[in-house]
Amino acid sequence: MTAPVHTACPYCGVGCGVIAGAGGKVTADPSHPANRGRLCSKGAALGQTLDNKGRLLHPTIGGTRATWDDSLGLIATKFRRTIAEHGPDSVAFYVSGQCLTEDYYVANKLMKGFIGSGNIDTNSRLCMASSVAGHVRAFGEDVVPGVYEDFEEADLVILVGSNAAWCHPVLHQRLLAAKAAHGTKIVVLDPRRTATAEAADLHLPLAAGSDVALFNGLLSFLKGAGRINKAWIARHASGFEAAVNAAGPDDVEATAAACGVDPELLEMFYEMFARTERTMTVYSQGVNQSSVGTDKVNAIINCHLATGRIGRPGMGPFSVTGQPNAMGGREVGGLANQLAAHMKFDDPADRAALTAFWNAPNLTPKPGLKAVELFDAIADGKVKAVWVVATNPADSLPRSDRVRAALAKCPFVAVSDCWATDTTALADVVLPASAWGEKDGTVTNSERRISRQRPFREAPGESRPDWWMFAQVARRMGWKADFAWENPAAIFREHAALSGVANNGRRVFDISGLAGLDDGEYDDLLPVRWPVPARFSGESGRLFGFGGFPTPDGKARFVATPYQGLPNRSGREFLLNTGRIRDQWHTMTRTGLAPSLMAHTPEPVVTLHPGDAAALGIEPNGLVRLSTDEGEVVLRADLRHTVRRGELFAPMHWTDLFASCGPVARTVGARLDPVSGQPEMKATPASLSPVESHFHGLLLRREGSALADLCHWVRVPVDTGQLYRLTGLRALPAGDDLFRFAGLLLSVPMDAELLEISDVRRAVLRIAAIVDGALEACLFLARDPAGLPSEAAVIPMLGQPVPDPARSRLLAGRPYDAAACEGPRVCACFGVTRDAIRHAAVTHRLRSVSEIGVALRAGTNCGSCIPEIEEILRDVRMPAG
Ligand code: SF4
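Residues numbered from 1 in each chain as written. Predicted model: local features only at pLDDT ≥ 70, side-chain atom pairs only at ≥ 80, totals over all residues. Heavy atoms only, no water.

A. Structural context of the overall build of the protein. When you go through the protein residue by residue, the secondary structure sums to 31 helices and 34 strands. If one aligns the C-alpha atoms of the protein with their principal axes, the spans along those axes are about 85 × 65 × 55 Å. Across the protein, every contact between residues at least 6 apart in sequence was considered, and the portion connecting residues at least 24 apart equals 71%. Total accessible area on the protein is roughly 30700 Å²; 52% of this is exposed by carbon and sulfur atoms. Where the 91 positive side-chain charges of the protein centre and where its 95 negative ones centre are 2 Å apart. (Helix = DSSP H or I, 4+ residues; strand = E, 2+ residues; numbered from the N terminus. Contact = heavy atoms within 4.5 Å. Areas by Shrake-Rupley, 256 points an atom, 1.4 Å probe, with all protein chains shown as cover. Lys, Arg positive; Asp, Glu negative; His and termini not counted. Charge placed at Lys NZ, Arg CZ, Asp CG, Glu CD.)

Printed below as a string of structure tokens:
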């Protein structure tokens, strides 16, 4: 690498700019308007994920190394034959919000324009499809009206179903900075008391699925309080009366009862909204991932239309996307129900223009199958060939066991990815894809800002970009001239030009002003917010403040959203909510490589209220069986008052490669929003029961792999190898079987030197395997967790030389240097543990986050850990009892 390269973080929809410098060091880009020099813990650890270890390096067919030519030729042949025999709807692409816009554009053009099917959908369906549908219903087009500067301009920011402190940390930091500067009020509407709620002025822990009731209640309250902006509505919106009638009476008590919140607090919130002109409502997965997600979105938008608070400084509804390029996918038609460039399936002028622009022989006449429907169609044998790109549906889609079964029986599956996943294991053809740092293209963040993702390192092995793979397959299917781009710049120019075709102000998405960029200008492109030219938005980038909605009459639409009641529990005691944790991303293919990111939450848990745990006889940190109509998983119980009685939270990230339970998605149902097709992932009826633990263990190995079903296990990458936490679901084997069992776990070479201590009667076994004088693996088993050494003591020994005098210390689990044991790591950026923060607070009487920052540096970089530091300080300050 020569000069530092300005590029964009590959994780969330905030779309922060980063600078890749010498030695793979990744730092925040102070010049990028999204983050202005900030990064969160995930972005700060990007440099730790650049290792090529474990990357897919060569194409394979049936698990055997193959050439690119053979692999691409096989995909083209299989797709061509399947289409010839069964028609274009018998094939499909399932792509990803990780794809760059250029990748997405080529895939969509191939499927919708040339193959002639709408069967291309994206994992963004799981993320924000309800927002897309809500925008189209209200505005006539999928457009986010606001900009990030609104976080600084607002006087009141309402976060709905959004744990921004963990999931969009840099935006949350911008909000907290605004609060510190001029007292912005923050209200959080979330069933859980999250880190975001901790930093809010008011938290309303509404019952899961009651958001529509709450915003309908707000609409009626605004009307009752005379806070409706009638003049704005008369000029710029229609359908108000129907919406307010559907919202029901202005009755705060009844609404509070429906939502399960304190009526006084609810009224306080309604009053705040009513009297604060500069109000923005920010929402993400808690709103979108719902069987009534589109209604939730429109119930929120209705309140902003009713007050005319949209598209002006500090006000408006604001959907924050989960993925780095969900918005870019929406621009090119990456969802099955979208055409390219925000054109419409049912608009003859759009269809004619797109056919002519693409020279498309076979423009699809209709939308295709949405994600969950698509995998159902594979299971039913209707879709017979599928290409999965940069996503892992075997772990991330609801009912993941059904998805696996569908892929296993599908006649032809191709997968392109950077690392092996539970999905690549089911593929006939696996293609090695370029990863972040190697890819070249653009992404669009939640505020419509297009940023360049630039390469700064060589792609390993034979890995190639996804756009190239799609273009190569298209050429082999007979469409050489139409897929002849030589580089991403050429694709971007075509995409930008298309956005201006047959537009004339009919569609807000217009970047035709960028269609003339030459390759050098594309390389140098600075972050830019669409539309370009800024025909609708003006300099501020905001949209719709003065109307101009892309509907036939130029008016926005209120949408009637009658409340349908709380989710049906189907006779089960709990509703299961799944989501993200602070330091992990998706199915951990990248973040799982960074030990610092594993330290905050090292294993999958299910969080429940202590009162519910007591009623069921569930112990803190005990194992529990989580069961739903779809499946079951065994997880560790995490008891907290932060969740409501009768509700559960479990993280979505773990897979078969990291834990014996596999993905929690195998328990998640697939009730779909009827408009958006987005599955409900926040309220699956569930049951819990305690699981007896027969023994406990720690296993350290240099190499990581799944442990099959030997016991309950979780793999945690550490600096020099892998730590496994083991729990026995059955009694330990006895006699020689115990040693055979230990041998399977250790999995070391035959010539390894073994040190061993055992007391079979007390079920204690300690074995260390030494290869070439260094610790290759070690295993500690005990009936009681107190019989195990501290993880922090043994982890540093892995891979290190074992001096003869230290052998007894090794099996005793005592560090050679007698270093102090550590607790969980709170600050991922500087590796500061909970114990260290607590110790400093108590010993040195530190009472503020800034004092902790001065003493330990914790919380001074990305800020993601500040809510937890505050929690520790509160604990320290709280008198005993
Ligand atoms: Fe990346 Fe964090 Fe910024 Fe999201 S907030 S884009 S994860 S640095």
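B. Quick look at the site of the ligand. Near the ligand, the surroundings consist of C9, Y11, C12, V14, G15, C16, L39, C40, K42, G43, P169 and V170. Of all elements in the fold, only helix 1 (41–44) and helix 7 (169–182) reach the threshold of two or more residues within the shell around the ligand. Residues of the shell around the ligand, tallied by class, amount to nine nonpolar, two polar and one charged. (Near = heavy atom within 4 Å. Nonpolar A, V, L, I, M, F, W, Y, C, P; charged D, E, K, R; others polar.)

C. Geometry of the packing of helix 3 (residues 101–115) against helix 22 (residues 488–500). Taken N-terminus to C-terminus, the directions of helix 3 and helix 22 make an angle of 65°; their axes are 9 Å apart at the nearest point. Relative to helix 22, helix 3 is oriented roughly perpendicular. In terms of crossing hand, the pair formed by helix 3 and helix 22 is left-handed. Every residue of helix 22 that contacts helix 3 at T101, E102, Y105, V106 and K109 is listed here: P488, I491, F492, E494, H495 and L498. Residues that form the contact of helix 3 with helix 22 fall into these classes: six nonpolar, two polar and three charged. (Axes fitted to C-alpha atoms, helices over the stretch in contact; angles between N-to-C directions. Parallel < 35°, antiparallel > 145°, perpendicular 65-115°, else oblique. Left-handed = near helix turned anticlockwise from the far one by under 90°.)

D. Quick peek at the environment of G592. Looking at the secondary structure, you find G592 in the loop between strand 21 (574–579) and helix 24 (595–598). G592 gets classed as buried once you look at its relative accessible area, which sits at 3%. Residues G592 and A490 lie 102 residues apart in sequence; the distance between their C-alpha atoms is 35 Å. In contact with G592, not counting residues within four places along its chain, are Q584, M598, F658 and P717. (Buried < 20%, exposed > 50% of the residue type's maximum accessible area, 1.4 Å probe, protein only.)

E. Quick peek at unusual backbone geometry. Here the residue pair W530 and P531 is connected by a cis peptide bond, since its omega of 5° sits within 30 degrees of zero. With respect to the secondary-structure elements, P531 resides in the loop between strand 19 (528–529) and strand 20 (556–557). For H342, which is not glycine, the phi torsion reads 60° and is therefore positive. A relative accessible area of 7% means that H342 is categorised as buried.

F. Broad picture of the sheet that holds strand 17 (residues 441–444). Read across the sheet, three strands follow the order 17-18-19 without closing on themselves; strand pairing throughout is antiparallel. The sheet is open, and its two edges are formed by strand 17 and strand 19, each paired on a single side. Alignment of strand 18 (residues 449–453) against strand 19, held across two bridges, turns out to be antiparallel. Across the sheet, residue I450 finds its bridge partner in strand 19, namely V528. (Pairing = 2+ DSSP bridges.)

G. Focus on the side chain of D103. Mapped onto the fold, D103 is located in helix 3. Residue class for D103 comes out buried when judged on its relative accessible area of 2%. Of the polar contacts made by the side chain of D103, one reaches the side chain of K439; its length is 3.5 Å. (Polar contact = N/O pair within 3.5 Å; in protein donor to acceptor, adjacent residues only side chain to side chain.)

H. Layout of the pattern of salt bridges. Evaluated as defined, the whole model comprises 47 salt bridges. A salt bridge links D89 to K366, with the nearest nitrogen and oxygen atoms 2.6 Å apart. With D89 in the loop between helix 2 (68–86) and strand 6 (91–95) and K366 in the loop between helix 17 (348–358) and helix 18 (371–379), this residue pair connects regions lying 277 residues apart in the sequence. With a shortest N-O distance of 2.8 Å, K179 and D201 are connected by a salt bridge. Of this pair, K179 sits in helix 7 while D201 sits in the loop between helix 8 (195–198) and strand 10 (202–204), placing them 22 residues apart in sequence. Here the salt bridges do not stand alone but share partners, grouping E149, E447, R449 and R529 into one network. (Salt bridge = Lys/Arg side-chain N within 4 Å of Asp/Glu carboxyl O.)

I. How the structure looks around helix 7. In this model, helix 7 (14 residues) spans 20 Å end to end at C-alpha, consistent with the 20 Å of a helix rising 1.5 Å per residue. Considering only its buried residues, helix 7 is in contact with helix 5 (149–153), strand 8 (156–160), helix 6 (164–167), strand 9 (185–189) and helix 8. Residue G183 follows helix 7 closely and has a positive phi angle near 75°. (Expected span 1.5 Å × (residues − 1).)

J. A look at the packing of helix 4 (residues 129–139) against helix 15 (residues 293–307). Taken N-terminus to C-terminus, the directions of helix 4 and helix 15 make an angle of 50°; their axes are 8 Å apart at the nearest point. On the basis of the axis angle, helix 4 is oblique to helix 15. Judged by the sense of rotation from one axis to the other, the crossing of helix 4 with helix 15 is right-handed. In this structure, helix 4 uses S130, S131, A133, G134, H135, R137, A138 and F139 to contact helix 15, whose residues at the interface are G293, T294, D295, V297, N298 and I301. Of the residues that constitute the contact of helix 4 with helix 15, the class distribution is five nonpolar, seven polar and two charged.

K. Structural detail: a negative patch on the surface. On the surface, D250, D251, E253, D262, E264, E267 and E271 cluster together into a negatively charged patch. Sort the elements by how many residues they give to the negative patch and helix 13 (residues 263–275) lands first, with three residues. Along the polypeptide, E264 turns up in helix 13. (Patch = residues over 30% accessible without salt bridge, like charges linked within 9 Å, V, L, I, M, F, W, Y side chains within 5 Å.)

L. Examining the side chain of S130 more closely. Assignment of secondary structure puts S130 in helix 4. Its relative accessible area of 0% is what places S130 among the buried residues. For S130, the side chain forms a polar contact with the side chain of S676, separated by 3.0 Å. Apart from the residues lying within four places of it in its own chain, the contact partners of S130 are N288, S290, G293, T294, V297, D673, S676 and Q678.

M. Geometry of the pairing of strand 32 (residues 774–782). Counting buried residues along strand 32, eight of its nine residues qualify, which places the element largely inside the surrounding structure. Summarising the sheet, strand 31 (residues 764–771) and strand 32 pair through seven bridges and their orientation is antiparallel. For A768, the partnering residue across the bridge sits in strand 32 and is C778. Taking the residues between adjacent antiparallel strands as the criterion, strand 31 and strand 32 are bridged by two residues, where D772 takes a positive phi near 55°.

N. Structural detail: the nonpolar core. F79, F93, I115, L189, F269 and W387 are the most contacted members of the largest nonpolar core, which totals 155 residues. Counting residues per element, this core draws most heavily on helix 3, at eight residues. Once residues within four sequence positions are removed from consideration, I115 is found in contact with F79, I83, P88, V91, F93, L110, N362, M477 and W479. In this structure, C410, A427, A637 and M681 belong to the second largest nonpolar core, which totals 72 residues. (Core = buried A, V, L, I, M, F, W, Y, C linked by side-chain atoms within 4.5 Å.)

O. Main features of the sheet that holds strand 8. With respect to topology, five strands assemble into an open sheet ordered 10-9-8-12-13, the strand pairing being parallel. Two strands lie at the open edges of the sheet, namely strand 10 and strand 13 (316–319), each paired on one side alone. Adjacent strand axes in the sheet meet at a mean angle of 20°, parallel and antiparallel pairs treated alike. Both strand 9 and strand 10 contribute to a ladder of three bridges, which runs parallel. Bridge pairing in strand 10 links V188 to H203.

P. The arrangement of the environment of S596 in detail. Structurally, the position occupied by S596 is in helix 24. The class for S596 is buried, based on a relative accessible area of 8%. Linking S596 and S41, residues 555 residues apart in sequence, is a C-alpha distance of 9.0 Å. In this view, S596 contacts A45, Q48, D583, R825 and A828; residues no more than four positions away in its chain are not counted.

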